[in-house]
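Take a look at the letters that make up each chain.
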Amino acid sequence: MDEEKGRAAFEGYGISEFPEGDAVARVPGLMAVARKLMQKDGAHATMAMCFKGDAIVSIQGMEFPDQRTKMLSFERLADLVESHRADGVLIIGETWMGSPTEIEKKIGTILLPPRDRVDKREALTVYAMTRDGRQANLVCFVERTPTGETICGEPFDLDAGAANTLLPIKRKWKAMGERGI
């Protein structure tokens, strides 16, 4: 990474410093950064960061034109975690959120994904997990004004266990442990 370009970009977004710590510790700080980017640019790319302790060892951009690609992308991220021997993962990106119907609550599954729901809401998420089982997840709803302004609401905690995208990474860490890695 070009440090000079990085500093210039930070100044352009009004970011005084980059959050520090491991994946979980960085969630609040990176949510603050992501909200500034989202409000200024009106969009935020999805990205994954792999950590070894407090050090970022890989940053991976992610794009999901469909659900199948999304699932494969997180399987690929799990392979990246193994190749770097990463012990933490953090994901930042935009998403759709919706409330499960009463029937979905009753049967314990989601029949219609949020992106296909009439009541869907746009949100920005920052979530992380470490190999020792710690997790953090912050979400803020995104509103678009009639003039095109992007407004990010206040972040709130969401059950990080609900992030099914992390399942391939959990499986990978378990397999690595079984192999003594």
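This text follows the structure it describes.
Residues numbered from 1 in each chain as written. Predicted model: local features only at pLDDT ≥ 70, side-chain atom pairs only at ≥ 80, totals over all residues. Heavy atoms only, no water.

Comments concerning the environment of L167
Item 1. Looking at the element boundaries, L167 is found in helix α5 (residues 167-178).
Item 2. For the pair L167 and E75, spaced 92 residues apart in the sequence, the C-alpha separation amounts to 8.9 Å. (Helix = DSSP H or I, 4+ residues; strand = E, 2+ residues; numbered from the N terminus.)

Quick notes on α5
Item 1. Its twelve residues give α5 an end-to-end C-alpha distance of 17 Å, which sits within 8% of 16 Å, the value for a rise of 1.5 Å per residue.
Item 2. Taken together, the buried positions of α5 are occupied by P168, I169, K172, W173 and M176. All buried residues of α5 project into a common sector of 135 degrees when viewed along the axis, lining one side. Exposed residues on α5 whose side chains face more than 90 degrees from its buried face are K174 and E178.
Item 3. Looking at the packing, one finds that the buried side of α5 touches α3 (67-84), β3 (88-97) and β4 (121-130).
Item 4. Where α5 terminates, the next one or two residues include G180, which has phi positive at roughly 80 degrees. (Expected span 1.5 Å × (residues − 1). Buried < 20%, exposed > 50% of the residue type's maximum accessible area, 1.4 Å probe, protein only. Arc of directions from axis to C-beta. Contact = heavy atoms within 4.5 Å.)

Side note on the packing of aromatic side chains
Item 1. Under the defined criterion, the tally for this structure stands at two aromatic pairs.
Item 2. Where F64 meets F74, the ring centres are 5.8 Å apart and the plane angle is 25 degrees; that geometry is what we call stacked. Placement of the pair is F64 in the loop between β2 (55-62) and α3 and F74 in helix α3, with a sequence separation of ten residues.
Item 3. On the basis of relative accessibility, which here comes to 28%, the residue F64 falls in the partly exposed class.
Item 4. With a centroid separation of 5.5 Å and 40 degrees between ring planes, the pair formed by F141 and F156 is classed as tilted. Of this pair, F141 sits in strand β5 (residues 135-144) while F156 sits in strand β7 (residues 156-157), and the two are 15 residues apart along the sequence.
Item 5. A relative accessible area of 29% means that F156 is categorised as partly exposed.
Item 6. K40 extends its terminal NZ or CZ atom over the ring of Y13, reaching a point 5.3 Å from the ring centre. (Phe/Tyr/Trp six-rings, centres within 6.5 Å; stacked < 30°, edge-to-face > 60°. Lys NZ or Arg CZ within 6 Å of the ring centre and 35° of its normal.)

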